[in-house]
Amino acid sequence: MVHKLRDLFERSVRARWVILVTAAVAAVILVVAATPLWTGDDSASASERPTDTPVGTATDTPIPPTATDTPIPPTATDTPIPPTATDTPTNTPTNTPTPLQKPLSQSDFALLNLATSDKVWCGVDNSVSEPWELHVTVTPGTTAGSLKITFRDLDSVTFFIPASESLSVSHTLGGGGTDVDNMVKVEILGGDSGTGAAMVSALARPESPDPFSGDSETDNYCLTGQSASTGDAGVVSANSQIPY
């Protein structure tokens with residue numbers, strides 16, 4: 001009986017020790033397991049870390065606004081150019097054209113009748129009034145004839161004209177030099193004395209003096225003569241330059 005009680009007592013003591021030791025080990029394990037969570041030790045596994053610990057994200061540093069461009073000051077406005085002074089009109093007298101500058105606008109004419117043996121001289125004073133124009137319309141009548149034009153240097157040109165035909169010629173003269181073509185003599189050679197005739201005219205610059213002296217006109221550019229001394233006034237002067 002004593003032995004049974006002793007065994008029961010020993011078992012009871014051993015059971016208490018086992019319980020105490022087990023409780024102590026469990027306490028140590030809890031302390032060791034809880035320590036990393038309190039100290040934030042990195043040795044704790046990811047599963048043992050609090051999952052809801054907020055991670056603070058770094059806020060972006062705001063980029064400072066770019067410097068605004070400095071406005072370009074307005075360019076200086078151009079200084080207006082003062083209006084130029086208007087020219088004071090000068091009373092410059094207009095140039096009055098001389099006879100050599102004026103157009104050919106003064107005319108004269110003469111008739112040639114073959115029945116009275118007429119000859120016609122036409123021209124201008126070559127020292128002042130060249131050039132000039134000569135115009136002739138002529139018919140030899142019912143008989144063939146010719147128109148002869150003699151220049152002051154006694155050179156001449158002849159145009160043949162059939163019977164009952166007429167001829168008109170126009171020439172600008174006065175450019176051949178002094179005493180060459182400032183005056184001409186017009187005549188009909190052959191032809192019918194009863195029907196042969198001509199009309200001769202000259203066109204010159206206004207106020208041009210004629211080449212004849214002794215006549216009463218200062219612009220008598222054409223004249224008719226029946227001989228070396230008879231006919232219009234100035235025939236003697238004309239004959240002295242181009243013989244009848």
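Here, every reference points to the structure presented above.
Definitions and limits used
Residues numbered from 1 in each chain as written. Predicted model: local features only at pLDDT ≥ 70, side-chain atom pairs only at ≥ 80, totals over all residues. Heavy atoms only, no water. Pairing = 2+ DSSP bridges. Helix = DSSP H or I, 4+ residues; strand = E, 2+ residues; numbered from the N terminus. Axes fitted to C-alpha atoms, helices over the stretch in contact; angles between N-to-C directions. Buried < 20%, exposed > 50% of the residue type's maximum accessible area, 1.4 Å probe, protein only. Contact = heavy atoms within 4.5 Å. Disulfide = S-S within 2.5 Å. Core = buried A, V, L, I, M, F, W, Y, C linked by side-chain atoms within 4.5 Å.

J.: Outline the sheet that holds strand S7 (residues 183-190), supporting the account with residue identities and numerical values.
T.: The strand order across the open sheet built from five strands is S5-S4-S7-S2-S9, with neighbouring strands paired in antiparallel fashion. The outermost strands of the open sheet, each flanked by one partner alone, are strand S5 (156-161) and strand S9 (222-225). For this sheet the average axis-to-axis angle between neighbouring strands, irrespective of direction, equals 20°. Direction of pairing for strand S2 (residues 119-123) relative to S9: antiparallel, over a ladder of four bridges. In the sheet register, Trp121 faces S9, and the bridge partner there is Leu223.

J.: Report on the environment of Val169, specifying residues and quantitative values.
T.: Relative to the assigned elements, Val169 resides in strand S6 (residues 167-173). Given a relative accessible area of 11%, Val169 falls into the buried group. Taking C-alpha positions, Val169 is 5.8 Å from His135, a pair spaced 34 residues apart along the chain. When sequence neighbours within four positions are dropped, the list of residues in contact with Val169 reads Leu134, His135, Val136 and Leu147.

J.: Let's hear about the state of the cysteines: which residues, and what values?
T.: Counting across every chain of the model gives one disulfide. Each sulfur in the disulfide pair Cys122 and Cys222 lies 2.0 Å from the other. On the S-S bond that ties Cys122 to Cys222, the torsion sits near 120°, and the link is right-handed. Of this pair, Cys122 sits in strand S2 while Cys222 sits in strand S9, placing them 100 residues apart in sequence. Taken individually, Cys122 and Cys222 each receive the classification buried, so the pair is uniform in this respect.

J.: Pulling in residues and values, what's your account of the nonpolar core?
T.: Of all hydrophobic cores here, the largest spans 25 residues; its most connected members are Cys122, Trp132, Leu134, Val136, Leu147 and Val184. The residues contacting Leu147, other than those within four sequence positions of it, are Val136, Val138, Val157, Thr158, Phe159, Ile161, Leu167, Val169, Val186 and Glu187. By size, the runner-up hydrophobic cluster in this structure holds seven residues, among which are Met183, Phe212, Val235 and Ile242.

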